[in-house]
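So the chains spell out like this:
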Amino acid sequence: MSNRKVRPPPSYQEYPSDLLANRHYALMTLSERGLFDIMRKQCWVNRSVPTNMAELAKIIGCNVTEVEDNLSPHVLHFFIEKDGEYISPELDDYRYNQEERRRKQAEGGKKGGISNQTNIKSNQGKLKHNLKHLRRDEKSGDDSRREEIESLESDINNDSLSEDLRKWRDDYDQAEPF
């Protein structure tokens, strides 16, 4: 396995109708919604925000009073406090599902690649298709087609053609191309 660092998912999907229908969100003031939105974005990028009001205010870019006034129970409904940080369980679950899906895709790709390489190595030097063995009295498709063409050519050149057909053939052979 390589030591390369896997980048986290760059974004999260959100259904506005679900959020707008949530009672806690609907009861927020415009300022509370702004704080909620910034806290979620910080949680997505940094996985958490500090519960310390001064630190949170500094991260958000406003004064402590604004954070204290707007960090209502409606905003806090979407976060849980853990080890001096607010985290968003919804975003953590979403991130986990994204990372799990990526991990499973990588495993599937690795298995497919190994299988493909194994098949290539085991088939090197072998014919790609199985040959059909013919009995002595059988003819391959190419042989029977060749005989059919030769038969048609001999019929055209055969003297048993009707006088009209022979005349048409001779005129056709002598005609100049367009």
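Placed above this text is the structure.
Residues numbered from 1 in each chain as written. Predicted model: local features only at pLDDT ≥ 70, side-chain atom pairs only at ≥ 80, totals over all residues. Heavy atoms only, no water.

**Focus on the side chain of Ser72**
Filter applied, for reference: Numbering of helices and strands starts at the N terminus; helices are DSSP runs of H or I of at least 4 residues and strands are runs of E of at least 2. When accessible area is computed with a 1.4 Å probe and restricted to protein chains, residues below 20% of their type maximum are described as buried, those above 50% as exposed, and intermediate ones as partly exposed. As used in this structure description, the phrase polar contact means that two N or O atoms lie within 3.5 Å; if the pair is within protein, one of them must be able to donate a hydrogen and the other to accept it, and residues adjacent in sequence are counted only when both atoms belong to side chains.
Its location among the elements puts Ser72 in the loop between helix H5 (64–70) and helix H6 (73–76). Of the residues examined, Ser72 reaches a relative accessible area of 9% and is grouped as buried. There is a polar contact of 3.0 Å between the side chain of Ser72 and the side chain of Glu32.

**Quick look at the packing of aromatic side chains**
Rules: For this analysis, a ring pair means two rings from Phe, Tyr or Trp (six-membered ring only for Trp) whose centres lie within 6.5 Å, classed as stacked if their planes differ by under 30 degrees, edge-to-face if by over 60, and tilted for the remaining angles. Two conditions define a charge located above a ring, namely a distance within 6 Å from the ring centre to NZ of Lys or CZ of Arg, and an angle within 35 degrees of the ring normal.
Counted under the stated rule, the structure contains six aromatic pairs. Both rings, one in Tyr25 and one in Phe36, keep their centres 5.7 Å apart while their planes meet at 65°; by these two values the pair is edge-to-face. Linking Tyr25 in helix H2 (residues 23–26) with Phe36 in helix H3 (residues 30–46), this pair joins segments that are eleven residues apart in sequence. A single burial state applies to Tyr25 and to Phe36, both of which are buried. Each ring, one from Trp168 and one from Tyr172, has its centre 5.4 Å from the other, and the planes form 15°; the classification is stacked. Taken together, the residues span about one helical turn, with Trp168 and Tyr172 both in helix H9 (residues 163–174) at a distance of four residues. Across the pair, exposure class does not vary: Trp168 and Tyr172 are exposed alike. One aromatic cluster in this structure is built from Tyr25, Phe36, Phe78 and Phe79. Lying over the aromatic face of Trp44, Arg95 brings its terminal NZ or CZ to 4.5 Å of the ring centre.

**A few points about the sheet that holds strand E1 (residues 49–50)**
Test applied: Any two strands between which DSSP finds at least two bridges are classified as paired.
Reading across the sheet, the three strands line up as E1-E3-E2 and stay open at both edges, with antiparallel pairing between neighbours. Each edge of the open sheet carries a strand with a single partner, namely E1 and strand E2 (80–82).

**Comments concerning a nonpolar patch on the surface**
Heads up, the condition is: For patches, a residue must show more than 30% relative accessible area and have no salt bridge; joins then use 9 Å for like charges and 5 Å for nonpolar side chains, namely Val, Leu, Ile, Met, Phe, Trp and Tyr. Working definition of accessibility: Shrake-Rupley area with a 1.4 Å probe, residue cover restricted to the visible protein chains. We define a salt bridge as a contact between a side-chain nitrogen of Lys or Arg and a carboxyl oxygen of Asp or Glu at a distance within 4 Å.
Taken together, the side chains of Leu165, Trp168 and Tyr172 make up a nonpolar region of the molecular surface, amounting to roughly 390 Å² of accessible area. When its relative accessible area of 57% is taken as the criterion, Tyr172 is described as exposed.

**Comments concerning the nonpolar core**
Going by this rule: For the purposes of this section, nonpolar cores are sets of buried Ala, Val, Leu, Ile, Met, Phe, Trp, Tyr and Cys residues that join through side-chain atoms within 4.5 Å. Two residues form a contact once any of their heavy atoms are found within 4.5 Å.
Judged by nonpolar contacts, the single largest core of 20 residues is most densely connected at Phe36, Met39, Leu56, Leu71, Val75, Phe78 and Phe79. At the level of secondary structure, the elements contributing two or more residues to this core comprise H3 and helix H4 (53–60). Of all the elements, H3 adds the most residues to this core, at five residues. If sequence neighbours within four positions are ignored, Phe79 has contacts with Phe36, Met39, Arg40, Cys43, Tyr86, Ile87, Ser88 and Pro89.

**Some thoughts on unusual backbone geometry**
Although it is not a glycine, Arg47 sits at a positive phi angle of roughly 75°. Note that Arg47 resides in the loop between H3 and E1.

**Digging into the environment of Tyr25**
Exposure remark for Tyr25: the relative accessible area of 14% places this residue in the buried category. Separated by eleven residues in the primary sequence, Tyr25 and Phe36 have C-alpha atoms spaced 8.9 Å apart. Each residue touching Tyr25, except ones within four places of it in the same chain, is listed here: Leu19, Leu20, Arg33, Phe36 and Phe78.

**Observations concerning the environment of Arg95**
Mapped onto the fold, Arg95 is located in helix H7 (residues 89–123). Apart from the residues lying within four places of it in its own chain, the contact partners of Arg95 are Pro9, Cys43, Trp44, Val45 and Arg47.

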